[in-house]
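# Reading the structure
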Amino acid sequence: MFKITSSAKKSSITFYTEVAEFSGTVKIAQKVMEDVRRVTDGLPKLVSNNSIHKIEDAKNTLIFGTIGQNELIETAAEKLNLEQIRGKRECFTVTVIGTDLVIAGSDKRGTIYGLFHLSKLMGVSPLVDWADIPPAKKVSITITEKDNYVSKEPSVRFRGFFINDEWPAFGNWCNKRFGGFNAKCYEHVFELLLRLKGNYLWPAMWASRFSDDGPGLENAELANELGVVMGASHHEPCCRAGEEYKYLRGSNSKYGDAWNFRTNEEGITKFWEDGLKRNGQYENVITVGMRGEADTAIMKNATLKDNISLLRDVLRTQNALIRQYVNKDLNKVPRMLALYKEVEPYFYGSKHTKGLMGDKELEGVTLMLCDDN
């Protein structure tokens, strides 16, 4: 039986992991420790020093760790049902052993979801931080073997949301509370997403640049650390925010001064290349394709055939860049094309013009079907 109580603001339990554990899971553990304080008034302490050699040697300890990253949990693999989650995506086990509770994840997100599962058992809402919903106070929390749990692999691979049209609500909140769309504000967004067992985010994009506003890459680095897969909206290909080109274009810019793949192919290709070189090391679903600036069509005064030909050339160029800077095996790179507005007819084509459906450049690309307004 694992029991949580507190006295004089001190918790009866300790959180423990090994020094090799992911820094992102440790950060989430500290948020769950804060949940313990919210419920019992006592804040647990965190220990990370490889001092426990067997789980049975611990006492009143919450031990957490990730398979392949934490040797301690491997020493009790059978007791922890590790074989039921090993090699799977985003799975976790919660197991009471004596007076300890052990949370083991199949990967980084699995461990994070397992830690937030404890918050759920304590009665903490996933909206505790985002909507300031305090949990009910409790004198003690008891978790027994009846609460042992093995999670299933999520049936939907990418689950999340899009901070669309962020003004005035989200924009004002970020600027007034944090001074911009920086990592301090996105930490709260990521926490909400992970508490809801999501893993995928399209960031604000109207008047912000996710990979510049951190400041610098801090937003992207924090997302990667916490296991948040980043995407981008329908007209933001190759890890570049739509707003970025506005700030980088110019007659003397290496990116040229026209968002036009026909008249400025070299500049636009370089723009995409640098985005992949900058962000390709992180977990992304890379948006491919191209639209005009600020939600417009690519070529307004052109035939259907011309537009389809352009988009095919764009996809061929982007796939070549992704092979070069992210992974030679495109099948290992999640990519997405949004069939939004005029892009949908380009996909289907017409009786006289073959569309992009079945094109080899779209092999392995997720197609987002859009219900526009």
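First, a word on scope: everything that follows refers to the structure included in this document. It should be emphasised that the depicted structure is a prediction, and the values quoted were computed from it without experimental measurement. (Residues numbered from 1 in each chain as written. Predicted model: local features only at pLDDT ≥ 70, side-chain atom pairs only at ≥ 80, totals over all residues. Heavy atoms only, no water.)

### A word on unusual backbone geometry
- Cis geometry is adopted by the peptide bond preceding Pro-168, which originates at Trp-167 and carries an omega value of 10 degrees.
- The residue Pro-168 is located in the loop between strand E10 (160–162) and helix H4 (169–178) in this model.
- Residue Pro-215 is reached from Gly-214 by a cis peptide bond, and omega for that bond is 0 degrees.
- Along the chain, Pro-215 falls in the loop between strand E11 (200–202) and helix H6 (218–226).
- Its identity is not glycine, yet Asp-41 carries a phi of approximately 75 degrees, on the positive side.
- Turning to its location among the elements, Asp-41 is positioned in the loop between helix H1 (23–40) and strand E4 (43–47).
- When its relative accessible area of 32% is taken as the criterion, Asp-41 is described as partly exposed. (Helix = DSSP H or I, 4+ residues; strand = E, 2+ residues; numbered from the N terminus. Buried < 20%, exposed > 50% of the residue type's maximum accessible area, 1.4 Å probe, protein only.)

### Points about the sheet that holds strand E14 (residues 335–339)
- Pairing is parallel in the open sheet, where 3 strands are placed in the order E13-E14-E15. The open sheet terminates on both sides in strands that have one partner only, identified here as strand E13 (286–287) and strand E15 (365–369).
- Bridging between E14 and E15 involves 5 bridges; their strand directions are parallel. The residue of E15 that forms the bridge with Ala-338 is Met-368. (Pairing = 2+ DSSP bridges.)

### Structural notes on H4
- The complete set of buried residues in H4 reads Phe-170, Gly-171, Cys-174 and Phe-178. All buried residues of H4 lie within an arc of 105 degrees about the axis, which places them on one face of the element. Relative to its buried face, H4 has exposed residues pointing more than 90 degrees away, namely Ala-169, Lys-176 and Arg-177.
- Along its buried surface, H4 packs onto helix H5 (183–195).
- With its phi angle positive at about 80 degrees, Gly-179 sits one or two positions after the end of H4. (Arc of directions from axis to C-beta. Contact = heavy atoms within 4.5 Å.)

### Describing empty space enclosed by the protein
- Inspection of every chain in the model, using the stated rule, returns 1 cavity of 30 Å³ or more.
- In this model, the largest cavity occupies a volume close to 230 Å³.
- The wall of the largest cavity is formed by 25 residues, among which Phe-210, Ser-211, Gly-231, Ala-232 and Cys-239 lie closest to the centre.
- When contributions to the lining of the largest cavity are tallied by element, the ones reaching two or more residues are H6, helix H8 (265–279) and E13. (1 Å grid on protein atoms, 1.4 Å probe; cavity = no way out; pocket = protein on both sides within 12 Å on 5 of 7 lines; lining within 4 Å. Points joined across faces, edges and corners; volume = space filled by probe spheres on them.)

### Describing the pattern of salt bridges
- Inspection of every chain in the model, using the stated rule, returns 31 salt bridges.
- One salt bridge in this structure joins Glu-74 and Arg-86, with 3.1 Å as the shortest N-O distance. With a gap of 12 residues between them, Glu-74 in helix H2 (residues 71–74) and Arg-86 in the loop between H2 and strand E6 (92–97) connect regions that are remote in the sequence.
- Close ionic contact of Glu-283 with Arg-109 constitutes a salt bridge, the shortest N to O distance being 3.0 Å. Placement of Glu-283 in the loop between H8 and E13 and of Arg-109 in helix H3 (residues 108–121) is noted, with a sequence separation of 174 residues between them.
- Where salt bridges share partners, they join Lys-31, Asp-35, Arg-38, Glu-187, Glu-191 and Arg-195 into one cluster. (Salt bridge = Lys/Arg side-chain N within 4 Å of Asp/Glu carboxyl O.)

These results come straight from atomic positions and should not be treated as a statement about function.
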